[in-house]
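Each chain is listed here by its residues.
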Amino acid sequence: MVKSVLKFVLWTIVIAGSVSGCKDTSTNENTDTEYSAGSTTDLKVDFKDTGIKIQPTMYGVFFEDINFAADGGLYAEMVKNRSFEFTLPKMGWLEPNSDRHNLNTNSGFMTVIKRKGTTGNHNYARVEVKNDQGYVLENEGFRGMGVKQDAKYNISVKAAKQSGNIQEIHFQLVDSNGEAIGETMIEPKGTEWNTFTSQITASKTEKKAKLKIMFKGTGVIDLDMISLFPEDTWKGRKNGLRKDLVQLLADLNPGFLRFPGGCIVEGRTLARRYQWKKTVGPMEDREILVNRWNTEFDHRPTPDYYQSFGLGFFEYFQLSEDLGAEPLPILSCGIACQFNTGELVPMEELDPYVQDALDLIEFANGAVDTPWGRVRSDMGHPEPFNMKYIGVGNEQWGPAYIERYKVFAKAIKSKYPDMIIVSGSGPFPEGDYFDYGWEELKKLDAEIVDEHYYKPPQWFRDNATRYDEYDRSGPKIFAGEYAAQSVAIASPDNKNNWECALSEAAFMTGLERNAEVVHLSSYAPLMAHEEGWQWTPDLIWFNNLTSYGTPNYHVQKMYSTNPGTDLLKITKDGKALTGQENLYATVVKDSNKNKLIIKLVNTSDKAQNVSIDLSGGDVKSKGKTLTLTSPELSDVNSFEKPDNISPVEAEFNSEGHQAQLNLAAQSFTILSLELN
Ligand code: AHR
C-alpha cells in the first residue's frame, strides 16, 4: 500500500507492547500437557450434530508477488532482467571490463536494441566483442544467485550472429570472491535467432553467485532470454518453481490458492494493473511490468523489482492443481489502488475488464475448441482447471466499487451461473467504508465477502467472537488477508513473533467456531525474501538457498492439517470459550478419519489445567497432542534457528470420559482423539 492516505490513516497505528492475558515472560518452559496441581477450568464437548460443515476451503493461502515472492522467489529463474526489458534495460547486468563512463570499451560493449513489432518482448542485447582482451557480461541475480554443490543448472539463451565470428559463449558461475564454481559453453550458429542450451554443475554451495558470460572470437552477436534455472524444481518441471518454497505451501494442505494478490491486482494506475492475458502463452511474449511494490515504501525501496510473469495465470492454476487447492483468481474491477491514484475506468469503458473475467473463466474451464480453452490446451493442459471462484476487485471501497461490482456480477452470473463470486469490503475490518460496502453487498445478495485485518495482537485476541453475530443467511466470509502486526501496519520493524502467532491462533478459534459463515481464510502476505522484502510480517521467509516457516506458519499449518469436517461445540458453563481465563477453544469432528479434534489456546502467562468432559461421545482414551509454544512472546524463528518455535507431538491418555490437560503458558494445543 501506499504513501499518502495510508501513512496517515492506516499505517500510523502504533501497537502497545505488553498486553493483559499475554504478558511477556520467560518463566514457562512447560510444554508437557500432563495435568498438574492448581485450579482447573471445566469444559464440555457437545457431540450433538450441529449440521455445520467445515468447508474444504476453510484454510488456504494468499499469494501475492510482493517481497520477491514470484520473481526472485517461487519462480526459480536466477537471471534478473533476462530479456533486457526493465525500464533501465541494463539493470541487473554488469560489464566489469567495459566502462562506458570513462569511455573505456576497448574489449567490447553491450547495447540494448528495441525490436520492431508488437510482441511483449521489446528488447534484446547486442554484444560487440572487439578483441581477446576479456570482454565479460555478468548477471547479478536476485541479490545474488543461490547455488548448491553438485546441483545442476540449465542455461538457455537465444542468439543470432550479426558479423565477425564469435565461436563460443562461455557461462560461468562465480562465487562472491569471483572464483569459478561451475561452467559450460555453447557454440552459437546462424544469423537467425536460435535457442542454445547447456548445463552447469556447481562445485560449491554459494548464496551470492553471479553468472559470468565470456566470448571466444570477435564480432557482433545478439542475445536475448538469457536464462538460468535449477534443474531440480518442483515436480521436476523445466523452468519451473522453487522446490523448497512450493513444499512449504504443499505442507499447509491449503484448501485454496488465491492469486495474484493483493494490491498488485489493482496497480497504482489502471495501466499498471495485473492483466492476466499478458501472463499466458509463450514465455518470451509475456510483457513484463514494473512491480507496484518496487518503490512503494521509502523505507524499503526495491527499484529492480519487476514482474516477468514467468509465474503467470497458467502456472498459478497448475500450482493450485498440484496443491489440491481451489484456484481463486482475483481480477481488477476497473479501479486502481485507492491508496494510490484511485483511478477509475469510466462505466461506459468497463466492458473490456468484464470481458477479461469472462475470458478467464473460459481459459480455466472452457472446452479446447473455445478460443481461450485452446490457449490453455496449447500450454499443455487440455483438461479444465475446474475453477469455481472468481474475485472481483481486491481492496476496493465506496460507491465506485459497488457500481462496478454490479456489472461484473450480472455478466458473470448470466454466462456462468455456478461461478461463485468473491467481493471485497475494503482494507479495514470496520468503519464507514466497511459498513457501506457490507450493506450494499447484502442488498445485492453477494455470495462471499472478503475482509482484511492487519491489526495489533490484542485485536486478534479480542476478536475471537467477531463472527458470532454475523447473519447466518447473509454472504459467507472470506477472511482473505490477516496478520497480527507487532509494531504497526506496514512498519518495517514488525516481527513474526510468538505473541502475534499465538494471538492469531486464538482468533482462529473464532473462525472455526463460526464455520457456518466463515468459508475461507488466509494469512497475508505469504512470502518474503531476506533481502528483497518490502512488507513484514510474512508467513514464510526465504533467501537464495533456504526457507523457513514462521511461528505464524506453524499456527496456520496446525489448523489447516487438522481442519475436521463437522463443527461441534465446546463450552465452559454453557458458553463458548472465547477468552475467559485467557482460554480459547473450538472442536470439530473429522468424519473421514473418525477423530475428534479439539483446539485449545492459552494466552495467559501461566500454565492452566483444563478438564474436558467427553461423556456425550464414544471416544477412545488414547490420543495425541500437538503443542506450539515458546518461553517468550518476542521469540521468533530465523534462518539460524528455523525450528526455534515448532510443534511438538506427544501421546495422550484420557481418563474415563475426562480429558485432562495442563496447557503450557502461552501455548496452542491440538488434542486429537479417535472416535469409536
Ligand atoms: O498483503 C499486503 C497488502 O495488504 C495487499 O496487497 C493488500 O491487499 C493489503 O493492503
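Residues numbered from 1 in each chain as written. Predicted model: local features only at pLDDT ≥ 70, side-chain atom pairs only at ≥ 80, totals over all residues. Heavy atoms only, no water.

## Remarks on the sheet that holds strand β1 (residues 40–46)
Note the threshold: DSSP-based pairing: two strands are paired if at least 2 bridges between them are found. Segments assigned H or I by DSSP are reported as helices when at least four residues long, segments assigned E as strands when at least two residues long, and all are numbered from the N terminus.
An order of β26-β25-β1-β29-β32 is seen for the five strands of this open sheet, with the pairing classed as mixed. Lying at the two open borders of the sheet, with one neighbouring strand each, are β26 (575–576) and β32 (658–663). One ladder, built from six bridges, connects strand β29 (residues 608–613) with β32; its direction is antiparallel. Across the sheet, residue S611 finds its bridge partner in β32, namely Q660.

## Comments concerning the pattern of salt bridges
Stated precisely, the cut-off is as follows: The salt bridge definition used is simple: a Lys or Arg side-chain nitrogen within 4 Å of an Asp or Glu carboxyl oxygen.
Going through the model one piece at a time under the given rule, you end up with 43 salt bridges. For R143, the salt bridge identified is with D304, shortest N-O distance 2.5 Å. One end of the pair, R143, is in the loop between β6 (136–139) and β7 (145–147); the other, D304, is in the loop between β13 (289–290) and β14 (306–307), and 161 residues separate them in sequence. A network of salt bridges, in which partner residues are shared, links K80, E140, R143 and D304.

## Regarding the sheet that holds strand β16 (residues 389–392)
Put simply, the rule reads: Any two residues whose heavy atoms approach within 4.5 Å at even a single point are treated as in contact. Axis geometry follows a simple rule: fit a line to the C-alpha atoms, using only the stretch in contact for helices, then measure angles between N-to-C directions, giving values from 0 to 180 degrees.
The strand order β2-β12-β15-β16-β17-β18-β19-β20 describes an open sheet built from eight strands, whose pairing is parallel. Bordering the open sheet on either side are β2 (61–62) and β20 (518–523), each of which pairs with just one other strand. Examined bridge by bridge, strand β18 (residues 448–455) and strand β19 (residues 476–484) share eight bridges and lie parallel to one another. By the bridge assignment, Y453 is partnered in β19 with Y482. The strands that helix α4 (residues 313–323) touches are β12 (256–259) and β15 (326–331); relative to β12, the one it contacts most, it runs at about 165 degrees. Docked against the sheet, helix α10 (residues 498–513) engages β18, β19 and β20, running at close to 170 degrees with respect to β19.

## Notes on the pairing of β15
Quick reminder of the rule: For the exposure calls, accessible area comes from a 1.4 Å probe over protein chains only, and a residue counts as buried if that area is under 20% of its type's maximum, exposed if over 50%, partly exposed in between.
With respect to burial, β15 is a largely interior element, five of its six residues being buried. Of the strand pairs in this sheet, β12 and β15 are connected by four bridges, and their pairing is parallel. Looking at the pairing, F256 lines up with E326 of β15. Here β15 pairs with β16 via two bridges, running parallel. Residue pairing across strands places I330 opposite G391, the latter belonging to β16.

## Comments concerning empty space enclosed by the protein
Rolling a probe over the atoms, with the probe sized like a water molecule, indicates the empty space that remains. Selection criterion: Put plainly, a pocket is an open set of points on a 1 Å grid over the protein atoms alone with protein on both sides within 12 Å along at least five of seven lines, a cavity is a set where a 1.4 Å probe fits but cannot get out, and a lining residue has an atom within 4 Å of a point. Grid points are joined across faces, edges and corners, and a volume is the space filled by probe spheres set on the points. In this classification, the charged set is Asp, Glu, Lys and Arg, the nonpolar set is Ala, Val, Leu, Ile, Met, Phe, Trp, Tyr, Cys and Pro, and all remaining amino acids, among them Gly, are polar. What counts as a domain boundary in this text is fixed by an automatic or database domain assignment.
In the structure shown here, the tally under the stated rule is six cavities of 30 Å³ or more. Surrounding the largest cavity, 21 residues form its lining, N81, R82, S83, I288 and S308 being those nearest its centre. Residue composition of the lining of the largest cavity, by class: eight nonpolar, six polar and seven charged. Both domains that meet at the lining of the largest cavity, namely domain 2 (93–230) and domain 3 (234–495 + 502–526), each give it at least three residues. Of the volumes computed, that of the second largest cavity is approximately 80 Å³. Taken together, 12 residues make up the lining of the second largest cavity; nearest its centre are E64, W293, Y454, E481 and W535.

## Observations concerning the nonpolar core
Heads up, the rule is: Definition used in this section: a nonpolar core is a set of buried Ala, Val, Leu, Ile, Met, Phe, Trp, Tyr and Cys residues joined via side-chain atoms within 4.5 Å.
One finds F63, F313, I390, I412, L511 and M527 to be the most contacted residues of the largest nonpolar core, which totals 129 residues. Examining the composition of this core, we find that nine residues originate from one element, α10, more than from any other. Structurally, this core is a two-domain feature, drawing no fewer than three residues from each of domain 1 (31–53 + 567–675) and domain 3 (234–495 + 502–526). If we ignore the near neighbours within four places in the chain, the residues touching F313 are F259, P260, Y274, W276, T279, V280, P329, L331 and L360. In terms of nonpolar packing, the next biggest core, distinct from the first, is built from 33 residues, F84, V129, F171 and I200 among them.

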